[in-house]
Amino acid sequence: MQLSYYPVFLFLLLITSCSLEDRIERREDRLVGTWEIDRASYKGNNDLFGDNVTSQFSGDRVEFYPDYSLVYETGTGVIYDGYWSINALREPDDETEFTFDADFFDFQGRPAFQWLGTIDKLNRQRFKVTVLERAGTLRLRWCRR
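Conventions adopted
Residues numbered from 1 in each chain as written. Predicted model: local features only at pLDDT ≥ 70, side-chain atom pairs only at ≥ 80, totals over all residues. Heavy atoms only, no water. Helix = DSSP H or I, 4+ residues; strand = E, 2+ residues; numbered from the N terminus. Phe/Tyr/Trp six-rings, centres within 6.5 Å; stacked < 30°, edge-to-face > 60°. Buried < 20%, exposed > 50% of the residue type's maximum accessible area, 1.4 Å probe, protein only. Lys NZ or Arg CZ within 6 Å of the ring centre and 35° of its normal. Core = buried A, V, L, I, M, F, W, Y, C linked by side-chain atoms within 4.5 Å. Contact = heavy atoms within 4.5 Å.

Draft legend 1. The arrangement of unusual backbone geometry in detail. A positive phi angle is found at tyrosine 68, which is not glycine, with a value near 70°. By the secondary structure assignment, tyrosine 68 is in the loop between strand S3 (61-64) and strand S4 (69-73).

Right, dumping it as structure tokens:
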């Protein structure tokens, strides 16, 4: 009985043939929709431990749209609109890190704040991102709503 390696070869070819752009598009597709902050923590640059800051984001929601726009509503009813993007950075050891960038504007169109960070997890139900800020690191965990 002779084994055929053709199915194994085809499977390996399919796995490795996905381009970086395809991998970014799949993450973008997963991000589109409404998300609510489930957990948040902040660690200052010189702090040994982080602080739970979930209460500061209580009730906050963001809607990501396919046209790369977004609407962010705080738990207190303040609304920001803006734009988002996912990018990829190739590391020298051939690992890929996916970054998340979101710019938020107030009701007069003035820049309000920006999140630039790395995606720790993104699937259909959870979105975890580490946002780098000037004075520390903000970790946000979102749940799909």
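And the narrative resumes.
Draft legend 2. Here's a closer look at the packing of aromatic side chains. Inspection of every chain in the model, using the stated rule, returns 17 aromatic pairs. Seen in terms of ring centroids, phenylalanine 100 and phenylalanine 127 are 5.3 Å apart; in terms of plane orientation they differ by 75°. Their pairing is edge-to-face. Of this pair, phenylalanine 100 sits in strand S6 (residues 96-105) while phenylalanine 127 sits in strand S8 (residues 126-133), and the two are 27 residues apart along the sequence. Taking the relative accessible area as the measure of exposure, phenylalanine 100 reaches 2% and is therefore buried. In textbook terms, an aromatic cluster arises when at least three aromatic residues are bridged by ring pairs, as seen for Trp35, Phe64, Tyr68, Trp84, Phe100 and Phe127. Over the ring of phenylalanine 98 we find arginine 27, and its NZ or CZ is 3.7 Å from the ring centre.

Draft legend 3. Structural detail: the nonpolar core. Tyr72, Phe100, Trp115, Leu140 and Trp142 are the most contacted members of the largest nonpolar core, which totals 27 residues. Element by element, the count of residues in this core is highest for S6, at four residues. Once residues lying within four places of it in the same chain are set aside, the contact partners of phenylalanine 100 are Leu31, Phe64, Trp84, Ser85, Trp115, Leu116, Gly117, Ile119, Phe127 and Val129.

Draft legend 4. Quick look at the environment of phenylalanine 105. Inspection of the secondary structure assignment puts phenylalanine 105 in strand S6. Classification of phenylalanine 105 by relative accessible area gives partly exposed; the value is 21%. Among residues more than four places away in sequence, those in contact with phenylalanine 105 are Tyr80, Asp81, Gly82, Tyr83, Arg110, Pro111 and Ala112.

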